Amino acid sequence: MRRLLALSLSLLLLSLSACALFPNRDPLNINVVGIEPLQSQDLEVRFAVKIRVQNPNETAIDYNGVALDLEVNGQPLASGVSDQSGTIQRFSETVLTVPVSVSAFSVLRQTLGLSQTQTLDNLPYVLRGKLAGGLFGTMRFVDTGKLRLPGPNAATW
């Protein structure tokens, strides 16, 4: 019985000390810097979303895939993935381009939601994503804010 207790205690201490080996990282800073139209198919619209990823950490971040989900006005709008890979050096930034798809049903859902609002100003959005980096290297991020869409009288964006 003592052996089992000693073994259990040793494993517990070893697992707790292993947590100290993982680096304490600050969250990534993410900003959407551009949206460009892509070739669309049938009932979907495709865009290339450009995001600026800033690494405020003392170590480089290696990634081998990117995923994005965009929610507008509390409803899912677009999602996309990319298999691009690379490294974001310590205290540096890079711009990643991720193709996203907007289905006709998402557009219909957004249209119905917008018909219930009084203005197209200050629509809340949430951009969720991740930079895949293996078992313990995946970095998740969230960017929130408000969209300012042009009204019917606006001539330019």
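Residues numbered from 1 in each chain as written. Predicted model: local features only at pLDDT ≥ 70, side-chain atom pairs only at ≥ 80, totals over all residues. Heavy atoms only, no water.

Labelled according to an unreviewed UniProt entry, the chain appears under the name LEA type 2 family protein, originating from Pseudomonas nunensis.

## Some words on the overall build of the chain
What the chain contains, in helices and strands, is two helices and nine strands. Walking the chain from its N terminus toward its C terminus, one meets helices and strands in the order α-β-β-β-β-β-β-β-α-β-β. In the chain, 61% of the contacts between residues at least 6 apart in sequence involve partners at least 24 apart. By element, 57% of the accessible surface of the chain is carried by carbon and sulfur atoms, the whole surface being about 11000 Å². (Helix = DSSP H or I, 4+ residues; strand = E, 2+ residues; numbered from the N terminus. Contact = heavy atoms within 4.5 Å. Areas by Shrake-Rupley, 256 points an atom, 1.4 Å probe, with all protein chains shown as cover.)

## A few points about the pattern of salt bridges
All chains considered together, the criterion is met by three salt bridges. Across the pair E36 and K50 runs a salt bridge, and its minimum N-O distance is 3.1 Å. Here E36, found in strand β1 (residues 29-37), pairs with K50, found in strand β2 (residues 44-55); they are 14 residues apart in sequence, far enough to count as distant. Given a relative accessible area of 39%, E36 falls into the partly exposed group. Classification of K50 as partly exposed rests on a relative accessible area of 26%. For R52, the salt bridge is made with E93, and the minimal N-O distance between the two is 3.1 Å. Within this pair, whereas R52 is found in strand β2, its partner E93 is found in strand β7 (residues 92-103), the two being separated by 41 residues in sequence. The partly exposed category is assigned to E93, whose relative accessible area is 41%. (Salt bridge = Lys/Arg side-chain N within 4 Å of Asp/Glu carboxyl O. Buried < 20%, exposed > 50% of the residue type's maximum accessible area, 1.4 Å probe, protein only.)

## Section: the side chain of N55
Inspection of the secondary structure assignment puts N55 in strand β2. Of note is the side chain of N55, whose polar atom sits 2.9 Å from the side chain of N57. If we ignore the near neighbours within four places in the chain, the residues touching N55 are L28, A60, I61, I88, Q89, R90, F91 and S92. (Polar contact = N/O pair within 3.5 Å; in protein donor to acceptor, adjacent residues only side chain to side chain.)

## Side note on the nonpolar core
Residues L28, I30, I51, V53, L68, L96 and L131 are the most contacted members of the largest nonpolar core, which totals 19 residues. Contributions of two or more residues to this core are made by β2, β3 (61-63), β4 (66-72), β7, β8 (121-131) and β9 (139-148). With four residues, the single largest contributor to this core is β7. Leaving out residues up to four positions away in the same chain, L28 has contacts with V53, Q54, N55, P56, I61, L131 and M139. (Core = buried A, V, L, I, M, F, W, Y, C linked by side-chain atoms within 4.5 Å.)

## Structural notes on the side chain of N57
Looking at the element boundaries, N57 is found in the loop between β2 and β3. Those residues in contact with N57 that lie beyond four places of it in its chain are R25, D26, R90 and F91.

## Some details on the pairing of β1
Here β1 runs beside β2; their pairing, made up of eight bridges, is antiparallel. Note that in β2 the partner of N31 across the bridge is R52. Linkage of β1 to β2, two consecutive antiparallel strands, is achieved through a turn of six residues, within which D42 is found at a positive phi near 40°. (Pairing = 2+ DSSP bridges.)

## Observations regarding unusual backbone geometry
In this structure, D42 takes a positive phi of about 40° despite not being glycine. Mapping D42 onto the fold places it in the loop between β1 and β2. The backbone of N73 shows a phi angle near 55°, a positive value even though the residue is not glycine. By the secondary structure assignment, N73 is in the loop between β4 and β5 (75-82).

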